[in-house]
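Residue-level listing of the chains:
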Amino acid sequence: MPTVEASPTPFTFAKNSTALLVIDMQRDFLLPGGFGESLGNDVAQLRRTIEPLTALLAAWRAAGWKVIHTREGHLPDLSDCPPAKLRRGPMIGQAGRFGRVLIRGEYGHDIVDELAPVEGEDVVDKPGKGAFYATDLAKILENDGITSLVVTGVTTEVCVHTTVREANDRGYECLVLADCVGSYFPEFQRVGLQMIAAQGGIFGWVAESSALIEEIT
Ligand code: C5J
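This is a predicted model, so every value here is computed, not measured. (Residues numbered from 1 in each chain as written. Predicted model: local features only at pLDDT ≥ 70, side-chain atom pairs only at ≥ 80, totals over all residues.)

Draft legend 1. Spatial organisation of the environment of Glu 106. The topology assignment puts Glu 106 in the loop between β6 (99–100) and β7 (122–126). In this structure Glu 106 comes out as buried when scored by C-beta crowding, with 20 C-beta atoms within 10 Å. Distance in space between the C-alpha atoms of Glu 106 and Asp 28 is 9.6 Å, their sequence separation being 78 residues. Not counting chain neighbours up to four residues away, the residues in contact with Glu 106 comprise Phe 98, Gly 99 and Arg 100. (Helix = DSSP H or I, 4+ residues; strand = E, 2+ residues; numbered from the N terminus. Buried ≥ 20, exposed ≤ 12 C-beta atoms within 10 Å, placed from the backbone. Contact = placed C-beta atoms within 7 Å.)

This is how it looks when you write it as structure tokens:
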């Protein structure tokens with residue numbers, strides 16, 4: 001079984017029980033002029049993940065391993081958006097440069113071109129920050145016998161962390177790839193990654209994508 005140099009210890013995983021999870025690499029969060037930038041965020045902090053993730057996806061797909069993408073967003077009538085979320089995210093559902101912000105079917109809601117899903121890859125639409133809440137993710141993983149997740153995407157301290165924490169509680173082993181997750185806030189990125197691997201790997205492991213690619217190619 002492949003083993004990757006990781007913090008706090010090497011991470012061992014098997015092909016038939018490991019999936020690559022690509023969280024919320026959506027235009028609304030990543031494109032210049034989009035929702036994320038309109039909130040005053042520096043999208044370059046997220047966009048630096050696109051290149052390593054593109055390389056990882058190519059290697060992962062070539063090796064024939066399972067890929068699951070997620071997208072954060074809501075139904076056009078916002079019936080799946082809790083009022084509390086809407087109160088603190090008043091732009092959700094409003095017209096933005098790339099369509100209605102975080103609404104399924106809009107251009108901005110979809111995944112950036114570089115990382116577009118290919119045939120056979122699952123795309124999980126989620127109304128929350130975590131990828132398990134109100135989605136079929138648990139069923140998809142169970143059906144395929146997946147017990148380990150390689151976690152990538154944005155943002156590190158929000159949707160990545162929420163998903164990894166819940167995956168950990170559900171019994172999954174999570175490897176988070178430091179260069180393939182991004183936060184608008186460098187300090188949150190640094191501390192968010194430390195929090196995963198602290199205390200003997202309280203939520204999982206952290207590694208660089210190059211170490212993983214070496215093991216699967
Ligand atoms: C946020 C996410 N940050 N995908 N969403 O609102 O992390």
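There is more to say, and it comes next.
Draft legend 2. Layout of the site of the ligand. In the neighbourhood of the ligand, the contacting residues comprise Asp 24, Glu 72, Val 154, Thr 155, Val 158 and Cys 159. Looking at side-chain class alone, the shell around the ligand contains three nonpolar, one polar and two charged residues. (Near = placed C-beta within 6 Å. Nonpolar A, V, L, I, M, F, W, Y, C, P; charged D, E, K, R; others polar.)

Draft legend 3. Spotlight on helix α7 (residues 156–169). Its 14 residues give α7 an end-to-end C-alpha distance of 18 Å, which sits within 8% of 20 Å, the value for a rise of 1.5 Å per residue. Turning to α7, its buried residues are Thr 156, Cys 159, Val 160, His 161, Thr 163, Val 164 and Ala 167. Contacts made by the buried residues of α7 are with β3 (18–23), β4 (66–72), β8 (148–154), β9 (173–182) and α8 (186–201). (Expected span 1.5 Å × (residues − 1).)

Draft legend 4. Here's a closer look at the nonpolar core. Within the largest apolar cluster, 54 residues are counted, with the highest numbers of intra-cluster contacts made by Leu 21, Val 151, Leu 175, Val 176 and Ala 207. For this core, the element with the most residues is β9, which contributes seven residues. Dropping the residues within four chain positions of it, Leu 21 is found in contact with Ile 68, Ala 131, Leu 149, Val 150, Val 151 and Thr 152. (Core = buried A, V, L, I, M, F, W, Y, C linked by C-beta atoms within 7 Å.)

Draft legend 5. Structural context of the sheet that holds β4. The strand order across the open sheet formed by six strands is β7-β4-β3-β8-β9-β10, and the pairing between neighbours is parallel. Looking at which strands have only one partner, the edges of the open sheet turn out to be β7 and β10 (205–207). Across the sheet, the mean angle from the axis of one strand to that of its neighbour is 25°, orientation sign disregarded. By the bridge criterion, six bridges tie β8 to β9 in an arrangement that is parallel. Following the sheet pairing, Gly 153 is matched in β9 by Val 181. Relative to the sheet, helix α4 (residues 50–62) contacts β3, β4, β8 and β9, its axis offset from that of β9 by approximately 135°. Each of β8, β9 and β10 is contacted by helix α9 (residues 209–216), which is oriented at about 120° to β9, the strand it contacts most. (Pairing = 2+ DSSP bridges. Axes fitted to C-alpha atoms, helices over the stretch in contact; angles between N-to-C directions.)

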